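Chain and residue survey
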Amino acid sequence: MRTAERLRAPWPGIMVSSLSLVAMIAISWAVWDSLPELVTTREATPRRAGFRVPRLVLAAALPATLVVIGIVMAGATAVADRLRPHLPPLLVASPSRQTRSMNVLFVLLPPFLTVLHGGLLLRTAGHDVPLERGMAVAIGLLLAGLGLALPRISARLPVPGWGRAQRLGGLAMTAVGAGCAAGALFLPPLLVSVAAALAAGVIPFLPALVALARARR
């Protein structure tokens, strides 16, 4: 049975993305004069030449990335909305789930990009900022947010125990993210980030795999 609900704009995601874009532009403006005209993105070695880009490229890269992601996701959502009447329900998310997924993406990702953007520009401008530690904390918060949202944006499969498995998976990802954010304050941030990324790629989905395995028996 097809749903009569209509696709709605993800206004919370739009607002957070807009504020993050303004913040990135403001950071770029504030440190512009402190940035070198050419920024070295790859140091020269005996086997390869170095690589430098104009400061405009560095200052605009992540804001442009956010804009491109927004355009691509809006286009993909519009295409999925057009294809929905012609495809089985399991292949295309419902309008409400599409809206929730867009909100999750554009509420969580832009602040993460803003932290990365600010850290890179401030360090390039000569400021001593704990970029690695800050990024590890940001990764942890991103994972925790994804974990909280996972049960609401995951596909609903007709599998016994699927909803409970998604809730357990979300709690596991939230725990991994919280552990990463807290651990990065005391442990080597790179090690914590890699461990959290690996755990987030496996642990949260184990309950779902168990549910699928049980359903096949």
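What about the confidence of the model for the protein chain?
The pLDDT averaged across the protein chain works out to 86; a share of 89% of its residues lies at or above 70. Averaged over each element, pLDDT in the protein chain is lowest for helix α7 (residues 206-215) (71) and highest for helix α1 (residues 11-31) (95).

A word on the pattern of salt bridges
Summed over all chains, the structure comprises two salt bridges. Residue Glu 37 is joined to Arg 55 by a salt bridge in which the shortest nitrogen-to-oxygen separation is 3.2 Å. With a gap of 18 residues between them, Glu 37 in the loop between α1 and β1 (38-42) and Arg 55 in helix α2 (residues 55-83) connect regions that are remote in the sequence. Residue Arg 55 is classed as buried on the basis of its relative accessible area of 13%. Among the salt bridges present, the one from Arg 123 reaches Glu 132, with a minimum N-O distance of 2.9 Å. Of the residues examined, Arg 123 reaches a relative accessible area of 35% and is grouped as partly exposed.

Side note on the nonpolar core
Counting residues in each nonpolar core, the largest one holds ten residues, listed as Met 24, Leu 62, Leu 66, Leu 109, Phe 112, Leu 113, Leu 131, Met 135, Ala 138 and Leu 142. Elements represented by at least two residues in this core include exactly α2, α3 (95-124) and α4 (131-153). The biggest single contributor to this core is α4, with four residues. Not counting the four nearest positions on each side in its chain, Ala 138 is found in contact with Phe 112 and Val 115.

As for the packing of α2 against α3
It is the contact of α2 with α3, at a shortest axis distance of 9 Å, that shows an interaxial angle of 170 degrees. With respect to α3, the axis of α2 lies roughly antiparallel. For the pair α2 and α3, contact is made by Leu 58, Ala 59, Leu 62, Pro 63, Leu 66, Ile 69, Gly 70, Met 73, Ala 74, Thr 77 and Ala 80 and by Gln 98, Met 102, Leu 105, Phe 106, Leu 109, Pro 110, Leu 113, Leu 116, His 117, Leu 120, Leu 121 and Thr 124, respectively. Considering only residue class, the contact of α2 with α3 consists of 18 nonpolar, five polar and no charged.

Here we look at a nonpolar patch on the surface
On the surface, Val 202, Ile 203, Leu 206 and Leu 209 cluster together into a nonpolar patch covering about 350 Å² of accessible area. When you line up the elements, Leu 206 lands in helix α7. Assessed through its relative accessible area of 43%, Leu 206 is described here as partly exposed.

Some thoughts on α3
The end-to-end C-alpha distance of α3, which contains 30 residues, comes to 43 Å, matching closely the 44 Å that a straight helix rising 1.5 Å per residue would cover. At the exit of α3 stands Gly 126, carrying a positive phi of roughly 100 degrees.

Considering the environment of Arg 152
Along the chain, Arg 152 turns up in helix α4. When its relative accessible area of 52% is taken as the criterion, Arg 152 is described as exposed. The spacing of Arg 152 and Gly 170 is 18 residues in sequence and 9.5 Å in space, taken between C-alpha atoms.

Some details on helix α6 (residues 189-200)
Here α6 is twelve residues long and its end C-alpha atoms lie 16 Å apart, about the 16 Å a rise of 1.5 Å per residue gives. Listed as buried for α6 are Pro 189, Val 192, Ser 193, Ala 196, Ala 199 and Ala 200. Along the axis of α6, the buried residues cluster in a sector spanning 135 degrees; they form a single face. Of the residues in α6, the exposed ones pointing more than 90 degrees away from the buried face are Leu 190, Leu 191 and Leu 198. The elements touched by buried residues of α6 are α4 and α5 (162-183).

Rules used throughout
- The written sequence of each chain sets the order in which its residues are numbered from 1.
- This being a predicted model, a pLDDT of at least 70 is required before a residue's local features are given, and a value of 80 or more before pairs of side-chain atoms are given or counted; all residues contribute to the totals for chains, interfaces and linings.
- The side-chain figures draw on all heavy atoms in the structure; neither hydrogens nor water molecules are used.
- Scored from 0 to 100, pLDDT records how confident the predictor is in each individual residue.
- Put simply, DSSP marks the helices as runs of H or I at least four residues long and the strands as runs of E at least two long, and each gets a number from the N terminus on.
- By salt bridge we mean one thing: a side-chain nitrogen of Lys or Arg within 4 Å of a carboxyl oxygen of Asp or Glu.
- Here's how the labels work: a residue is buried when its accessible area is under 20% of the maximum for its type, exposed when over 50%, partly exposed in between, all with a 1.4 Å probe on protein chains only.
- Throughout, nonpolar core names a set of buried Ala, Val, Leu, Ile, Met, Phe, Trp, Tyr and Cys residues whose side chains join them through atoms within 4.5 Å.
- Any pair of residues with heavy atoms lying within 4.5 Å of one another is described as a contacting pair.
- Every axis in this analysis is a line fitted to C-alpha atoms, fitted for helices over the stretch in contact. Angles between the N-to-C directions lie between 0 and 180 degrees.
- Oblique is the label for every angle not falling under 35 degrees (roughly parallel), over 145 degrees (roughly antiparallel), or within 65 to 115 degrees (roughly perpendicular).
- Note that Gly is not counted as nonpolar here; it falls among the polar residues with everything else outside the nonpolar set of Ala, Val, Leu, Ile, Met, Phe, Trp, Tyr, Cys and Pro and the charged set of Asp, Glu, Lys and Arg.
- Patch construction takes residues with relative accessible area above 30% that form no salt bridge. Like charges are linked within 9 Å, and nonpolar side chains (Val, Leu, Ile, Met, Phe, Trp, Tyr) are linked within 5 Å.
- Residue-level accessible areas treat just the shown protein chains as cover; the underlying method is Shrake-Rupley with a 1.4 Å probe.
- Here a helix's expected span is defined as the number of its residues, less one, multiplied by 1.5 Å.
- Starting at the helix axis, one direction is taken to each C-beta atom, and the arc is that of these directions.

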